[in-house]
Amino acid sequence: SRVWIAAILGAGIVLGLLVTLLSTPLYQSTAVIEISRVTSNVTNIEESEIEELQADEQYFQTQYELLGSRFLAEAVVDAGNLTASTEFRNAFADDPEVPLERREAVKILLDNVSIDPVRMSNLVNVRFSSPSRTLSSDIANLWAEQFLAANYEKRFGANIDDAANRIDRAGF
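Cut-offs used in this document
- Residues numbered from 1 in each chain as written.
- Predicted model: local features only at pLDDT ≥ 70, side-chain atom pairs only at ≥ 80, totals over all residues.
- Heavy atoms only, no water.
- Helix = DSSP H or I, 4+ residues; strand = E, 2+ residues; numbered from the N terminus.
- Expected span 1.5 Å × (residues − 1).
- Buried < 20%, exposed > 50% of the residue type's maximum accessible area, 1.4 Å probe, protein only.
- Axes fitted to C-alpha atoms, helices over the stretch in contact; angles between N-to-C directions.
- Parallel < 35°, antiparallel > 145°, perpendicular 65-115°, else oblique.
- Left-handed = near helix turned anticlockwise from the far one by under 90°.
- Contact = heavy atoms within 4.5 Å.
- Nonpolar A, V, L, I, M, F, W, Y, C, P; charged D, E, K, R; others polar.
- Patch = residues over 30% accessible without salt bridge, like charges linked within 9 Å, V, L, I, M, F, W, Y side chains within 5 Å.
- Areas by Shrake-Rupley, 256 points an atom, 1.4 Å probe, with all protein chains shown as cover.
- Salt bridge = Lys/Arg side-chain N within 4 Å of Asp/Glu carboxyl O.
- Lys, Arg positive; Asp, Glu negative; His and termini not counted.
- Charge placed at Lys NZ, Arg CZ, Asp CG, Glu CD.

### Some points on helix α6 (residues 133-156)
- For α6, built from 24 residues, the straight-helix expectation of 34 Å at 1.5 Å per residue is met to within 8% by its first-to-last C-alpha distance of 34 Å.
- Turning to α6, its buried residues number three or more, namely Leu135, Ser136, Ile139, Ala140, Leu142, Trp143, Ala144, Gln146, Phe147 and Asn151.

Written out as C-alpha cells, the structure reads:
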C-alpha cells in the first residue's frame with residue numbers, strides 16, 4: 001500500500017513538472033493610473049456628504065468600466081497598430097503570417113487585460129498578460145496612455161486644439 005501511495009505521488013509530481021515545463025510562460029506587466037474626480041462647484045451649494053460619496057462611487061465605477069471597455073481596447077489596437085504587429089501576431093495568432101482582423105485583436109486584448117482598483121485609494125492597476133515581456137509592458141502602458149488621452153479629450157475637447165492653434169498663429 002505504501003508503494004502505491006509513493007507511485008501515485010511520484011506520478012503526480014512528474015505530471016505537474018511536465019505541465020509546468022511544457023506550458024508557455026505568461027508575463028504580466030502592470031501600469032498604474034491615478035483617477036481623480038474633478039469637481040467644480042459653480043453654484044456654491046454644498047452637497048451633503050452622502051451625496052458626494054455616492055457621486056464619487058458612481059464616478060469611479062464608470063471609470064473602471066471605461067478602462068475595461070471595447071472602446072478603449074479598439075483605441076489600443078489602433079494606437080499600437082496591433083493588427084500589423086509581428087510581435088503581437090507571434091504571441092497570439094494561430095498563424096502569425098496572416099494579419100489579424102481588428103475585432104480579433106480587440107478580443108485578444110479584452111481576454112488578457114485586467115483592471116484592478118487598489119483598495120482605499122484612487123489608483124487602478126492595469127495588467128496585461130502575454131507570452132512576451134516587452135509586449136506585456138508595451139500594451140499595459142499603451143492602455144494607460146489611451147485611457148488618459150480619452151479622459152483629456154473628454155474633459156478639454158476642442159479647447160486643447162483651439163489653444164494649440166492660437167499658439168501656432170501667435171508664433172510661439
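### Overview of the packing of helix α2 (residues 49-67) against α6
- Remark: α2 packs on α6, axes separated minimally by 11 Å, with the N-to-C direction vectors making an angle of 125°. When the axis of α2 is compared with that of α6, the two are oblique. Here α2 and α6 pass one another in a crossing that is right-handed. Packed against α2, whose contacting residues are Tyr59, Gln63, Leu66 and Leu67, the element α6 presents Trp143, Phe147, Asn151, Lys154 and Arg155 at the interface.
- A breakdown of the residues in the contact of α2 with α6 according to their chemical character gives five nonpolar, two polar and two charged.

### So, a negative patch on the surface
- Together, Asp94, Asp95, Glu97 and Glu104 make up a region of like negative charge exposed at the surface.
- Along the chain, Asp94 turns up in the loop between α4 (86-92) and α5 (102-112).

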